[in-house]
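Residue-level structure breakdown
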Amino acid sequence: MGNASSMLTQYDIEEVQDYCHNLFSQQEIVSLYQRFCQLDRNAKGFISADEFLSVPEFAMNPLSQRLLKMVDGLNFKDFVAFLSAFTAKASVEQKIQLIFKVYDSDGNGKVSFNDILEVLRDLSGSFISDDQREQVLTQLLKEAGYSRDSYLMLDDFIKVFGSSGLKMEVEVPVD
């Protein structure tokens, strides 16, 4: 499984299934491996940021630069683990963990007012002024019991988003 051009064995498939908490069927893992090999153009056994950007949906995402920090250099197991947060079978907590990592761009385990503001800027572009974004975010944090000076940890994210009915599923095409 180290080299992208090698074939997956039954053992490899089961190992990836275990690593990803059985969120994908064996057939889905084989399909994901085929997609991984397509993206891994140089057959290095991992996908670079440039290779990820060859996926139009990824390149068009307003958060693509943040996501690239998370996915650059993923091997196949980590590629499947990253995608597992997008399955219907993933728990809300698993989805929130991924969202938290998007906001926590420096990886320090906490999200500041400015971290959230940067994501809002990425998502809204020039449609909203910086002042409007700051006002909305200040009010949102205040309503949730936090201030501009608060640092949100993963547990805070789970509290805030856990009951929101969060949906972020994608279909894995099975040949």
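Every value quoted in this text rests on a predicted model; they were computed, and no experiment measured them. (Residues numbered from 1 in each chain as written. Predicted model: local features only at pLDDT ≥ 70, side-chain atom pairs only at ≥ 80, totals over all residues. Heavy atoms only, no water.)

1. Considering the packing of aromatic side chains
Taken as a whole and assessed by the stated rule, the structure comprises six aromatic pairs. Their ring planes at 70° and their centres at 5.5 Å tell us that Phe-36 and Phe-76 sit as a pair that is edge-to-face. Of the two residues, Phe-36 is situated in helix H2 (residues 26–39) and Phe-76 in helix H6 (residues 76–84); the sequence distance between them amounts to 40 residues. The burial state of Phe-36 is the same as that of Phe-76; both residues are buried. Here a set of aromatic residues connected by ring pairs shows up, and it is made of Tyr-33, Phe-36, Phe-52, Phe-58, Phe-76 and Phe-79. Across from the ring centre of Tyr-19, 4.6 Å away, lies the NZ or CZ of Lys-77, which sits over that ring. (Phe/Tyr/Trp six-rings, centres within 6.5 Å; stacked < 30°, edge-to-face > 60°. Helix = DSSP H or I, 4+ residues; strand = E, 2+ residues; numbered from the N terminus. Buried < 20%, exposed > 50% of the residue type's maximum accessible area, 1.4 Å probe, protein only. Lys NZ or Arg CZ within 6 Å of the ring centre and 35° of its normal.)

2. Brief notes about helix H1 (residues 10–19)
Turning to H1, its buried residues number three or more, namely Asp-12, Ile-13, Val-16 and Gln-17. Buried residues in H1, looked at end-on, bunch into an arc of 135°, giving them a common side. Exposed and facing more than 90 degrees away from the buried side of H1 are Tyr-11 and Asp-18. Tucked inside the fold, the buried residues of H1 contact H2 and H6. Residue His-21 follows H1 closely and has a positive phi angle near 55°. (Arc of directions from axis to C-beta. Contact = heavy atoms within 4.5 Å.)

3. Details of the pattern of salt bridges
The full count for this structure, using the stated rule, is eight salt bridges. Measuring nitrogen to oxygen at the nearest pair gives 3.2 Å for the salt bridge that ties Asp-130 to Arg-121. On the basis of relative accessibility, which here comes to 36%, the residue Asp-130 falls in the partly exposed class. Put simply, Asp-130 and Arg-133 hold a salt bridge, and the shortest N to O gap is 2.6 Å. Here Asp-130 pairs with Arg-133, and both are found in helix H9 (residues 130–143), just three residues apart, close to one helical turn. (Salt bridge = Lys/Arg side-chain N within 4 Å of Asp/Glu carboxyl O.)

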